[in-house]
Amino acid sequence: MRPPTHFGNDITNTEANANGGDEQNNQNNNGGGNNNNNNNGNTGNGGSNTDFIVERLTQMGATMMFPKIAGRGIIRVVERCDDAKENHNLDLSECELIQVPDAVYHLMRHTELKSCDLSGNVITKISPKFAVKFSLITDLNLSHNQMAKLPDELADLHSLKTLDISHNTFIALPTVVFKMPKLRELRANNNAIIDIDRDEIIASDSLEVVDLRHNPLTPMCHDLLKHARLSFRIELSEREKEDWEDLTI
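Residues numbered from 1 in each chain as written. Predicted model: local features only at pLDDT ≥ 70, side-chain atom pairs only at ≥ 80, totals over all residues. Heavy atoms only, no water.

Caption draft 1: A look at the overall build of the protein. In terms of helices and strands, the protein carries 9 helices and 7 strands. Of all 249 residues assigned to the protein, the portion counted as buried reaches 41%. Of the roughly 14000 Å² of accessible surface on the protein, 46% is carried by carbon and sulfur atoms. (Helix = DSSP H or I, 4+ residues; strand = E, 2+ residues; numbered from the N terminus. Buried < 20%, exposed > 50% of the residue type's maximum accessible area, 1.4 Å probe, protein only. Areas by Shrake-Rupley, 256 points an atom, 1.4 Å probe, with all protein chains shown as cover.)

Structure follows, in structure tokens:
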């Protein structure tokens, strides 16, 4: 297992104040004997490993900026990683994450995941190493975050069948989705997509359905997609006419 300081900084996605961290270390060294004894006693007598990790992260300033929010996130992440070791489905939804912490990759290093749910966080980007660490997943849920792009390395998710990027801030469909060899279903509804590269989308052989509802597609793009002859289904919202098109006004 990594040294606790690295683990804590990764898991909470917050940067502890350097001076505050030094003060905390001094306190631990000078007056933290009782805490250390209690921790050793808990772990030695079969105490909760999760409680020990959370307590250590808190002591080291991992929750310094937003203690209540970050503390809840730590507990959820650690417990759900433990669950994933049993059911192979990693659910990190609504954990106040701004990225996938390195500690998660460490905890999951001996687990072959089937799915990963990162929905309902404030994630802005996915690390390229995600595809290396979780290469066997078939379902990936990135919905309800703040993402506007995906790394090209996600093309290495050779087993991925379902990808949900809905309710984000994409202004265009990421081209990497058309390079995923087994991707069948792409949910990209409720974004800010204006146009797409139709050459890319036509080149896909694996897709069965692409959900583009509730995106501000240009009239030309909407009409072209609506009447395009493709090997898969595209779901579109009804286009609202521009003011200049409505002759009744």
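Caption draft 2: Focus on the nonpolar core. One finds Leu90, Phe130, Leu150 and Leu163 to be the most contacted residues of the largest nonpolar core, which totals 50 residues. Listing elements by their share of this core, those giving two or more residues are α5 (67-87), α6 (102-107), α7 (130-133) and α9 (219-227). Leucine 163 has contacts with Leu140, Leu142, Leu150, Val177, Met180, Leu183, Glu185, Leu186 and Arg187, leaving out every residue within four places of it along the chain. (Core = buried A, V, L, I, M, F, W, Y, C linked by side-chain atoms within 4.5 Å. Contact = heavy atoms within 4.5 Å.)

Caption draft 3: Up close: the packing of aromatic side chains. Here the structure, examined in full by the defined rule, presents 2 aromatic pairs. With 5.4 Å between their ring centres and 50 degrees between their planes, tyrosine 105 and phenylalanine 134 make a pair best called tilted. You can see tyrosine 105 sitting in helix α6 and its partner phenylalanine 134 sitting in the loop between α7 and β3 (139-141), a full 29 residues away along the chain. By relative accessible area, which is 3% here, phenylalanine 134 ends up buried. Taken together, a centroid distance of 5.1 Å and an interplanar angle of 90 degrees make the contact between phenylalanine 130 and phenylalanine 134 edge-to-face. An aromatic cluster of three or more residues is present, and its members are Tyr105, Phe130 and Phe134. (Phe/Tyr/Trp six-rings, centres within 6.5 Å; stacked < 30°, edge-to-face > 60°.)

Caption draft 4: Quick look at the pattern of salt bridges. Counted by the stated rule, this structure contains 10 salt bridges. Put simply, glutamate 235 and arginine 213 hold a salt bridge, and the shortest N to O gap is 3.7 Å. With glutamate 235 in strand β7 (residues 233-235) and arginine 213 in the loop between β6 (209-211) and α9, the pair connects residues that are 22 residues apart, well separated along the chain. According to the relative accessible area criterion, arginine 213 is partly exposed, its value standing at 35%. Linking arginine 239 and aspartate 223 is a salt bridge whose minimum nitrogen-to-oxygen distance equals 3.8 Å. (Salt bridge = Lys/Arg side-chain N within 4 Å of Asp/Glu carboxyl O.)

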